[in-house]
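Given next are the chains, with one letter for each unit.
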Amino acid sequence: MNTTLFQSLPDAVSVYEVSPRDGLQNEAAAVSTYNKTRLVDALAESGLQRIEVTSFVSPRWIPQLSDADDLLKMVHRPPGATYSALCPNRQGLERALATGVEEIAVFLSVSEGHNKRNVNKSVAESLAGFRDVVQPALEHGLRVRAYLSTLWGCPYEGEVDPKRGVAITRQLFDMGCYQVSLGDTIGAGTPLQTKRILEMFLAEFPSERLAMHMHDTRGTALANVIVGLEMGIRTFDASVGGLGGCPYAPGAAGNLATEDLVYTLHAMGIQTGIDLDKLLEAGRVASAIVGRDLPGKVLRAGVRSLRR
Ligand code: MG
């Protein structure tokens, strides 16, 4: 029997928390700045070191995150933590610089259809626009991350050619982005597809420059993450409680739940620096501030229910 699986697991991986931004942006509930502060502080308290706190997109696009400047002033920033914000343009960068974030993120889609609907630009126009953001951010000492959406499929175009994603990723690295997070925006990815996509990317780029941002809309996020882990990916995006539904399927799950990821990693002997009990506490805060039960499975079932 071939048992080469899990022969080279890492000692530790990095979890990139996106619930305050990606989660709340996709929630219908209006959440006060104070309650967002409670969530971010609870996440930091759990040991999460990388948190995407908010977004400096125009308040006209995403009114839920229009309090970005105030929020970043109110949250407690533990030493060593990296707080990040989405930053689509030069105006957003000016706001980000005023708040003292350590990192910003730019975002675009592999598919033209999704990029057009999302930011009203072609992919080439998005990439050209990043030149006003990325280099100035680097000159101010910020790190710049990039999100590449719809790599596993597009809600408007269906199948996506991963080679397009590889070409876009090369341009993002050439611009100075330190990491590109590969996104399954519609949560349609499956393990063999993930293997094929990652083979293309890992043939071109070092594994530490790549992250995975998987959605659990069809219950496959963690399976895809395990494929990535096995292939050398060491950064995974997640959202506590699975906060943030799927924007294309109302009521369905969106982001992979951080506690489901952490529970699995810890059980495999892989460290994250996160206290799972405190992470569940942050999940309860997330649930309380949006006023609904969240889909995260470990949040619902608990960690210790199997103990006698
Ligand atoms: Mg997401």
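To be clear, the structure that these remarks concern was listed above.
Residues numbered from 1 in each chain as written. Predicted model: local features only at pLDDT ≥ 70, side-chain atom pairs only at ≥ 80, totals over all residues. Heavy atoms only, no water.

Draft legend 1. Highlighting the overall build of the chain. Within the chain one finds 13 helices and eight strands. Relative to the 2.2 N^0.38 estimate, which gives 19 Å for 308 residues, the radius of gyration of the chain is 18 Å and therefore close to what a compact globule would have. Seen through its C-alpha atoms, the chain measures out along the principal axes to roughly 55 × 45 × 35 Å. Taken across its 308 residues, the chain has 57% of its residues classed as buried. (Helix = DSSP H or I, 4+ residues; strand = E, 2+ residues; numbered from the N terminus. Rg over C-alpha atoms; globule rule 2.2 N^0.38 Å. Buried < 20%, exposed > 50% of the residue type's maximum accessible area, 1.4 Å probe, protein only.)

Draft legend 2. Summary view of the coordination of the magnesium ion. Those protein atoms acting as donors to the magnesium ion are D22 (OD), H213 (NE2), H215 (NE2) and N255 (OD1), and they sit at 1.9 to 2.2 Å. Between the donor residues of the magnesium ion, the gaps in sequence give the motif D-x190-H-x1-H-x39-N. One end of the pair, D22, is in helix α1 (residues 19-25); the other, N255, is in the loop between β8 (235-238) and α11 (258-267), with 233 residues separating them in the sequence. Taking the relative accessible area as the measure of exposure, D22 reaches 6% and is therefore buried. (Donors = N, O, S within 2.8 Å, 3.2 Å for Na, K, Ca; no water.)

Draft legend 3. Spatial organisation of the environment of N120. Mapped onto the elements of the fold, N120 is located in the loop between α5 (112-119) and α6 (123-130). N120 sits 179 residues away from L299 along the chain, and the two C-alpha atoms are 37 Å apart.

Draft legend 4. Structural detail: the sheet that holds strand β1 (residues 14-17). Pairing in this closed barrel of eight strands is parallel, and the strands run β1-β2-β3-β4-β5-β6-β7-β8 around the ring. The average angle at which neighbouring strand axes cross in this sheet is 25 degrees, direction not considered. (Pairing = 2+ DSSP bridges. Axes fitted to C-alpha atoms, helices over the stretch in contact; angles between N-to-C directions.)

Draft legend 5. Region of the structure containing the pattern of salt bridges. For the structure shown, the criterion picks out 15 salt bridges. In this structure, the salt-bridge partner of K36 is D67, at a minimum N-O distance of 2.9 Å. Here K36, found in helix α2 (residues 33-45), pairs with D67, found in the loop between β2 (50-55) and α3 (68-74); they are 31 residues apart in sequence, far enough to count as distant. When sorted by exposure, K36 lands in the same class as D67, which is buried. Put simply, E102 and R77 hold a salt bridge, and the shortest N to O gap is 3.8 Å. With E102 in the loop between α4 (90-99) and β4 (103-109) and R77 in the loop between α3 and β3 (82-86), the pair connects residues that are 25 residues apart, well separated along the chain. Its relative accessible area of 31% is what places E102 among the partly exposed residues. Take R77: its relative accessible area is 30%, and that puts it in the partly exposed class. Through salt bridges with shared partners, one network takes in R21, D22 and E52. (Salt bridge = Lys/Arg side-chain N within 4 Å of Asp/Glu carboxyl O.)

Draft legend 6. Seen up close, α4. By the burial criterion, the buried members of α4 are G92, L93, A96 and T99. One side of α4 holds all its buried residues, which, seen down the axis, span an arc of 120 degrees. In α4, the exposed positions that point more than 90 degrees away from the buried face belong to Q91 and A98. In the core, the buried residues of α4 are packed alongside α3, β4 and α7 (134-139). Where α4 starts, the residue carrying a side-chain oxygen 3.3 Å from the main-chain nitrogen of Q91 turns out to be N89. Of the residues one or two after α4, G100 is the one with positive phi, at around 75 degrees. (Arc of directions from axis to C-beta. Contact = heavy atoms within 4.5 Å. Polar contact = N/O pair within 3.5 Å; in protein donor to acceptor, adjacent residues only side chain to side chain.)

Draft legend 7. Examining the side chain of D184 more closely. Along the chain, the position of D184 falls in strand β6 (residues 179-184). The side chain of D184 sits in the buried core without any salt bridge; R218 is the nearest counter-charge, 6.7 Å away. What D184 contacts, discounting residues up to four positions off in sequence, is W152, G189, H213, M214 and H215. (Lys, Arg positive; Asp, Glu negative; His and termini not counted.)

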